[in-house]
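# Fold and contact review
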Amino acid sequence: AQESRGLGDVYKRQIIHLGKKFLIPGLVDTHLHAPQYVFTGTGTGIPLLQWLNTYTFHYESMYKDVTFAHQVYPKVVKMTLRNGTTTACYFATIHLEATKYLAEVALHYGQRALIGKVCMDRNSPDYYVESTKQSLEDTEEFIKFVKSLNSDLISPVVTPRFAPTSTEHQMKGLAEIAKKHNLMIQTHISENLSECDWVEKTLFPGKSYSQVYDDCGLLTEKSIMAHAIYLDDGQIQLFRERNAGIAHCPYSNFSLTSGHFHFRKIQKAGIKVGLGSDVSGGPSPSLLTNIKLAMATSVSTHFPHKTNPINYIEAFYLATVGGSKVLGLEDKIGTFEVGKEFDALVIDPFVAYSPFDVFTTDSINHIFEKFIYLGDDRNIVEIYVQGKKVDINK
């Protein structure tokens, strides 16, 4: 009895009674652009390449001034955390110092983050481009800096923007760096038909988009490939052979009129898939919004292809377990299995001004389903990363 009382004394301060609240694993955003948050919700409805030249490159070039990053990056991290994103995979910009600052901000607020200094050495405006040599040197310097933070919450990720803005020399150099440091790689692939034509007919004639990356050493089990809407059967097979992962970004695919991702076809091939908000191509930093739009995309592909649409449980899986697999973190996050780290959200269905109501006829499953379809950040009342409660107001 004395021993039992001792155990109670040890654990009593760690027991939290949730009452009518419930726990879910933290959400995993496999693809978003931190610098683009500043123009989120504007400039939508135009195709990718026009959007890049009209908005993206202009705004991203502003991070040459690190004081601008000081204005934006804390807001990005706090907003994503507020929306339940405990793990985020960020593109930054080509600017080393601003990218370092993003890593410091994520660590300060306690978000688990993969962060990449973007690399672009061609087909970019004169005011927003770097030399191949500088991009490789700065990538190495950023990796060194992240390691100096001495935190397993923050990881560098090798980040060529996409094949149109990277020479083969740059891409092969980045692949060597990723292999040397055993790092994840992130880029874009097959997001837009005009982009695919540019890559496959003009820049690398005779090669598929996936072959371009594979030949440069960038298509591996550590690759996070955003969008992947227009992969043909040969490219899907190559993805499967390399065990590369896909960041499915449904809101962005709609917003930039890019196309519909055929999840069932990719799932059948056994390829890893997670969800990405793709801020600001996707106008919302909320993965809950993207969960709903992933279901809507699946319904839209159901009509021509006669495949079963994904349900809310499968979509939630993509935002948690699926994302953890794509980011190579399945041994740490995504579920509450014993041995994993405690990244979690406390959900209150009865919070003041909740966007949905609960009735006595609702089962636990009904309440969870309502949260997925109708809930938002108001229902997320506590956030935990690595077992520590996150304070976004500090």
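### Considerations on the side chain of R161
If you trace the backbone, R161 turns up in the loop between strand 7 (159–160) and helix 6 (168–181). A distance of 2.9 Å separates the side chain of R161 from the side chain of E60, its partner in a polar contact.

### Structural notes on the sheet that holds strand 11 (residues 272–275)
Here 4 strands make up an open sheet; going across it, the order is 8-9-10-11 and the pairing parallel. The two strands at the open ends of the sheet, each matched to only one other strand, are strand 8 (185–189) and strand 11. Strand-to-strand twist of the sheet, defined as the mean angle between neighbouring strand axes without regard to direction, takes the value 30 degrees. As paired strands, strand 9 (residues 223–227) and strand 10 (residues 245–248) are joined by 3 bridges and run parallel to one another. Bridging across to strand 10, I224 finds its partner in G245. Lying over the sheet, helix 12 (residues 287–305) contacts strand 10 and strand 11, oriented at roughly 125 degrees with respect to strand 11.

### What to know about the sheet that holds strand 3 (residues 85–91)
Read from one edge to the other, the open sheet built from 4 strands follows the order 2-3-4-6, with strand pairing classed as parallel. Each having just a single partner strand, strand 2 (27–33) and strand 6 (154–156) make up the two edges of the open sheet. Mean inter-strand twist for the sheet, computed between neighbouring axes without regard to direction, equals 15 degrees. Relative to strand 6, strand 4 (residues 112–116) is paired through 3 bridges, and the arrangement is parallel. Considered in strand 6, the bridge of A113 is made with I154. Relative to strand 4, helix 4 (residues 96–109) is tilted by about 175 degrees, and along the sheet it contacts strand 3, strand 4 and strand 6.

### Structural notes on the packing of aromatic side chains
Inspection of the entire model under this criterion finds 14 aromatic pairs. Ring geometry for F22 versus F368: centroids 6.4 Å apart, planes at 75 degrees, classification edge-to-face. Of this pair, F22 sits in strand 1 (residues 22–25) while F368 sits in helix 14 (residues 364–374), and the two are 346 residues apart along the sequence. Exposure class is identical for F22 and F368. Each is buried.

### Concerning the pairing of strand 12 (residues 344–347)
What you see with strand 12 is no split at all: A344 and V346 on one side and L345 and I347 on the other are buried throughout. In this sheet, strand 12 lies alongside strand 1 in antiparallel orientation, the contact comprising 4 bridges. Residue P25 lies in a different strand from strand 12, and its bridge partner there is A344.

### Notes on the packing of helix 12 against helix 14
Two quantities define a packed helix pair, namely the angle between the axes and the distance from one axis to the other. Where helix 12 contacts helix 14, the two axes come as close as 8 Å, and the packing angle between them is 95 degrees. For the element pair helix 12 / helix 14, the angle class is roughly perpendicular. On the side of helix 12, the interface is formed by L288, I291, K292 and M295, while helix 14 contributes F371, I372 and Y373. Tallied by class, residues from the contact of helix 12 with helix 14 come to 6 nonpolar, no polar and 1 charged.

### Some remarks on the nonpolar core
Formed by 105 residues in total, the largest nonpolar core has its most connected members in Y73, Y90 and Y213. Here this core gets 8 residues from one element, more than from any other, and that element is helix 4. Of all hydrophobic cores here, the second largest spans 13 residues; its members include V28, A226, L327 and I333.

### Observations concerning the layout of surface pockets
Space inside the largest pocket adds up to approximately 380 Å³. Along the walls of the largest pocket sit 21 residues, with I154, S155, P156, N182 and L183 positioned nearest its centre. Elements represented by at least two residues in the lining of the largest pocket include exactly strand 4, helix 5 (132–148) and strand 6. By residue class, the composition of the lining of the largest pocket is 10 nonpolar, 6 polar and 5 charged.

Calculation rules
Residues numbered from 1 in each chain as written. Predicted model: local features only at pLDDT ≥ 70, side-chain atom pairs only at ≥ 80, totals over all residues. Heavy atoms only, no water. Helix = DSSP H or I, 4+ residues; strand = E, 2+ residues; numbered from the N terminus. Polar contact = N/O pair within 3.5 Å; in protein donor to acceptor, adjacent residues only side chain to side chain. Pairing = 2+ DSSP bridges. Axes fitted to C-alpha atoms, helices over the stretch in contact; angles between N-to-C directions. Contact = heavy atoms within 4.5 Å. Phe/Tyr/Trp six-rings, centres within 6.5 Å; stacked < 30°, edge-to-face > 60°. Buried < 20%, exposed > 50% of the residue type's maximum accessible area, 1.4 Å probe, protein only. Parallel < 35°, antiparallel > 145°, perpendicular 65-115°, else oblique. Nonpolar A, V, L, I, M, F, W, Y, C, P; charged D, E, K, R; others polar. Core = buried A, V, L, I, M, F, W, Y, C linked by side-chain atoms within 4.5 Å. 1 Å grid on protein atoms, 1.4 Å probe; cavity = no way out; pocket = protein on both sides within 12 Å on 5 of 7 lines; lining within 4 Å. Points joined across faces, edges and corners; volume = space filled by probe spheres on them.

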